[in-house]
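The primary structure of each chain is shown beneath.
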Number of protein chains: 2
Amino acid sequence: MAIRYPNGKTYIHSDKVPPKKQLNKQLTSFSKRGMSLEDDINASNQYYLVKGKAVIHKKPTPIQIVKVDYPKRSAAVIKEAYFRQASTTDYNGVYEGYYLDFEAKETKNKLSFPLKNFHDHQIVHMQQCIEQQAICFVIMRFTTSERLFLLEAVHLIEYWNNQQQDGRKSIQLKELEKSGYEMYYELSPRIPYLKVVDQLIAKLEHVDTLAIE
Amino acid sequence: MAIRYPNGKTYIHSDKVPPKKQLNKQLTSFSKRGMSLEDDINASNQYYLVKGKAVIHKKPTPIQIVKVDYPKRSAAVIKEAYFRQASTTDYNGVYEGYYLDFEAKETKNKLSFPLKNFHDHQIVHMQQCIEQQAICFVIMRFTTSERLFLLEAVHLIEYWNNQQQDGRKSIQLKELEKSGYEMYYELSPRIPYLKVVDQLIAKLEHVDTLAIE
């Protein structure tokens, strides 16, 4: 397999690295860099923010706090809390006046993307956003092949609704190749998703122009 | 003082209510309704969502999780966690294609709004949003008089930056009456802030028209 520099990960063959150095590397805060889709998107958002291109943040995980201790002379400690289900997607923000809203998901499957990665409330939220003229999509990653796709929420919702009719619980890779936009890792930003967003905006404006004519 | 029905709160004089009934009332989930600015805004957002007017959510509080237990046959329990400082404002979302971003703050002061209610990182975030053509503002409430204002972030940033020069650590109420938009409680939505947003959008479009001419 070819060395994958363009995705921002340096490929180090284990034979060439002494075990001790490898261990040190794992202990630094950089060790998880480029590991997960979430890390890659957060790094891309940070790049876009610093460059003044867009303001996109991941929403914090919603937590139900039950018990908090307030020790003297130190910060409050949460002693009992539970994870709650989010009522929205994970990412949103603003890009040149456009509201962006998206979710990111990965699968270990090779030839299809299981729809069980998404939840009812996320689909409902996406539908609500689309009705408010949001630019709404999902970033999907096949972890084995490292292939990345951006799929507009309208298409995801179609696949979602078709589950009831045709019983297909996943999106086939070859369908995604047609209905989605394939993206390729770069150095900075790692996932240049705004390039695809530019295409979505151009499409929107084309539709607007047609409506006026 | 007059009975304030328009704000959606029923004013019950304590002498007329038997103690037991009052206690019961406090135990229902409705007891905190209309109590805090946050509750009022959340209820207004919920109204706008259900009516299909806008999709605006409060972001969850960011938490740093340190220790989680996974008991058998029950949900994961967070056993140690700490509050983190948010890097953005509390509310954002989409309204008719426009990205809205805002913060809500209240003060017990009667004649001025202390700037210490805001934090550096929030001001930076608002500035970043403005550069991306967001509609960005703060909703401010004087708890004693129950007066409500919407102030555009551009003005807040002016007051913030002037602190260094003129040393004024708060916004005077009479300044807010000029530079802000006063809002009045209604039944539904309790805080009809989209009415002001409509004015902000009209102003934006007027500026755009002038630019074209």
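Residues numbered from 1 in each chain as written. Chains lettered and ligands numbered in written order. Predicted model: local features only at pLDDT ≥ 70, side-chain atom pairs only at ≥ 80, totals over all residues. Heavy atoms only, no water.

Caption draft 1: The arrangement of the nonpolar core in detail. Counting residues in each nonpolar core, the largest one holds 50 residues, and the members touching the most others are Leu 156 and Ile 171 of chain A together with Leu 156 and Ile 171 of chain B. Contact partners of Leu 156 of chain A, with chain neighbours within four places excluded, come to Leu 115, Phe 118, Ile 123, Met 126, Val 138, Leu 151 and Ile 171 of chain A. (Core = buried A, V, L, I, M, F, W, Y, C linked by side-chain atoms within 4.5 Å. Buried < 20%, exposed > 50% of the residue type's maximum accessible area, 1.4 Å probe, protein only. Contact = heavy atoms within 4.5 Å.)

Caption draft 2: Layout of the side chain of Thr 89 of chain B. Residue and element names in this part refer to chain B. Its location among the elements puts Thr 89 in the loop between strand E3 (77-83) and strand E4 (91-95). Here Thr 89 falls in the buried class, since its relative accessible area comes to 1%. A distance of 2.3 Å separates polar atoms of two side chains, one belonging to Thr 89 and the other to Asp 101. Residues in contact with Thr 89, not counting those within four places in the same chain, are Lys 59, Asp 101, Phe 102, Glu 103, His 125 and Met 126. (Helix = DSSP H or I, 4+ residues; strand = E, 2+ residues; numbered from the N terminus. Polar contact = N/O pair within 3.5 Å; in protein donor to acceptor, adjacent residues only side chain to side chain.)

Caption draft 3: Summary view of the environment of Gln 199 of chain A. As for its position among the elements, Gln 199 of chain A is in helix H6 (residues 193-212). In sequence terms Gln 199 of chain A and Tyr 181 of chain A are 18 residues apart; their C-alpha atoms lie 9.8 Å from each other.

Caption draft 4: Inspection of the relation of the copies chain B and chain A at higher detail. Expressed as a screw operation, the relation of chain B to chain A combines 0.0 Å of axial shift with a rotation of 180 degrees, fitting to an RMSD of 0.0 Å. The transformation just described matches what one would write down for a two-fold rotation axis. (Least-squares fit on C-alpha atoms with pLDDT ≥ 70 in both.)

Caption draft 5: Region of interest: the sheet that holds E3 of chain B. Pairing within the open sheet is antiparallel, and its four strands lie in the order E2(A)-E3(A)-E3(B)-E2(B). Both outer strands of the open sheet, strand E2 (63-69) of chain A together with strand E2 (63-69) of chain B, are each paired with one neighbouring strand and no more. If you compare each strand with its neighbour and ignore which way they point, the axes differ by 35 degrees on average. One ladder, built from two bridges, connects strand E3 (residues 77-83) of chain A with E3 of chain B; its direction is antiparallel. Paired with Ala 81 of chain A across the two strands is Ile 78 of chain B, which belongs to E3 of chain B. (Pairing = 2+ DSSP bridges. Axes fitted to C-alpha atoms, helices over the stretch in contact; angles between N-to-C directions.)

Caption draft 6: Representation of the pattern of salt bridges within the structure. Residue and element names in this part refer to chain A. The final tally for this structure, using the stated rule, is 18 salt bridges over all chains. Arg 141 serves as the salt-bridge partner of Glu 106, at 2.8 Å between the closest nitrogen and oxygen. With Glu 106 in strand E5 (residues 98-107) and Arg 141 in strand E7 (residues 135-142), this pair connects stretches of sequence that are 35 residues apart. Residue classification places Glu 106 among the partly exposed residues on the basis of a relative accessible area of 30%. Arg 141 is the salt-bridge partner of Glu 146, the closest N and O atoms lying 3.7 Å from each other. (Salt bridge = Lys/Arg side-chain N within 4 Å of Asp/Glu carboxyl O.)

Caption draft 7: Molecular detail of the UniProt feature "site: Transition state stabilizer" (unreviewed entry) in chain A. Residues and elements named next belong to chain A. Those places that UniProt annotates as "site: Transition state stabilizer" (unreviewed entry) correspond, in this numbering, to Lys 105. On the secondary structure map, Lys 105 appears in strand E5. A relative accessible area of 16% places Lys 105 in the buried class. Setting aside residues no more than four positions away along its own chain, Lys 105 makes contact with Leu 37, Phe 113, Asn 117, Phe 118, Gln 122, Ile 139, Met 140 and Arg 141. At 3.3 Å, the side chain of Lys 105 and the backbone oxygen of Asn 117 are in polar contact. (UniProt positions renumbered as here; feature names shortened; annotations may be inferred.)

Caption draft 8: Region of the structure containing the packing of helix H3 (residues 120-131) of chain A against helix H4 (residues 153-166) of chain A. Residues and elements named next belong to chain A. Taken N-terminus to C-terminus, the directions of H3 and H4 make an angle of 135 degrees; their axes are 10 Å apart at the nearest point. Taken together, H3 and H4 sit at an angle that is classed as oblique. As H3 packs across H4, the resulting crossing turns out to be left-handed. Across from Asp 120, Ile 123, Met 126, Gln 127 and Ile 130 in H3, the residues of H4 making contact are Ala 153, Val 154, Leu 156, Ile 157 and Trp 160. Its residues assigned to classes, the contact of H3 with H4 comprises eight nonpolar, one polar and one charged. (Parallel < 35°, antiparallel > 145°, perpendicular 65-115°, else oblique. Left-handed = near helix turned anticlockwise from the far one by under 90°. Nonpolar A, V, L, I, M, F, W, Y, C, P; charged D, E, K, R; others polar.)

Caption draft 9: How the structure looks around the sheet that holds strand E1 (residues 55-58) of chain B. Residues and elements named next belong to chain B. With mixed pairing, six strands are arranged side by side in an open sheet as E1-E4-E5-E7-E8-E10. Bordering the open sheet on either side are E1 and strand E10 (181-183), each of which pairs with just one other strand. Neighbour-to-neighbour, the strand axes of the sheet open up by a mean angle of 25 degrees, direction not taken into account. By the bridge criterion, four bridges tie E1 to E4 in an arrangement that is antiparallel. Opposite His 57, over in E4, you have Asn 92 as the bridge partner. Sitting on the sheet, helix H2 (residues 37-50) is in contact with E1, E4, strand E5 (98-107), strand E7 (135-142) and strand E8 (147-152), with an inclination near 155 degrees to E5. Against the sheet, helix H4 (residues 153-166) engages E7 and E8, with an angle of about 90 degrees to E8.

Caption draft 10: Spotlight on the interface of chain B and chain A. Counting from both sides, the interface comprises 36 residues of chain B and, opposite them, 36 residues of chain A. Where chain B abuts chain A, roughly 2900 Å² becomes buried across the two surfaces, and 65% of that area is made up of carbon and sulfur atoms. Scanning the region where chain B abuts chain A turns up eleven residue pairs in polar contact (both at pLDDT 80 or more). For the side of chain B that touches chain A, the secondary structure elements donating two or more residues are E1, E2, E3, E4 and helix H3 (120-131) of chain B. (Buried area = accessible area lost by both parts, 1.4 Å probe.)

Caption draft 11: Up close: the UniProt feature "binding site: Mg(2+)" (unreviewed entry) in chain A. All names here are of chain A. As annotated in UniProt, the feature "binding site: Mg(2+)" (unreviewed entry) corresponds to Thr 88, Asp 90, Glu 103 and Gln 122 in the numbering used here. Spatially, the listed residues are clustered: although they cover 35 residues, their C-alpha atoms lie within 9.3 Å of one another. Mapped onto the elements, Glu 103 comes out in strand E5. Taking the relative accessible area as the measure of exposure, Glu 103 reaches 1% and is therefore buried.

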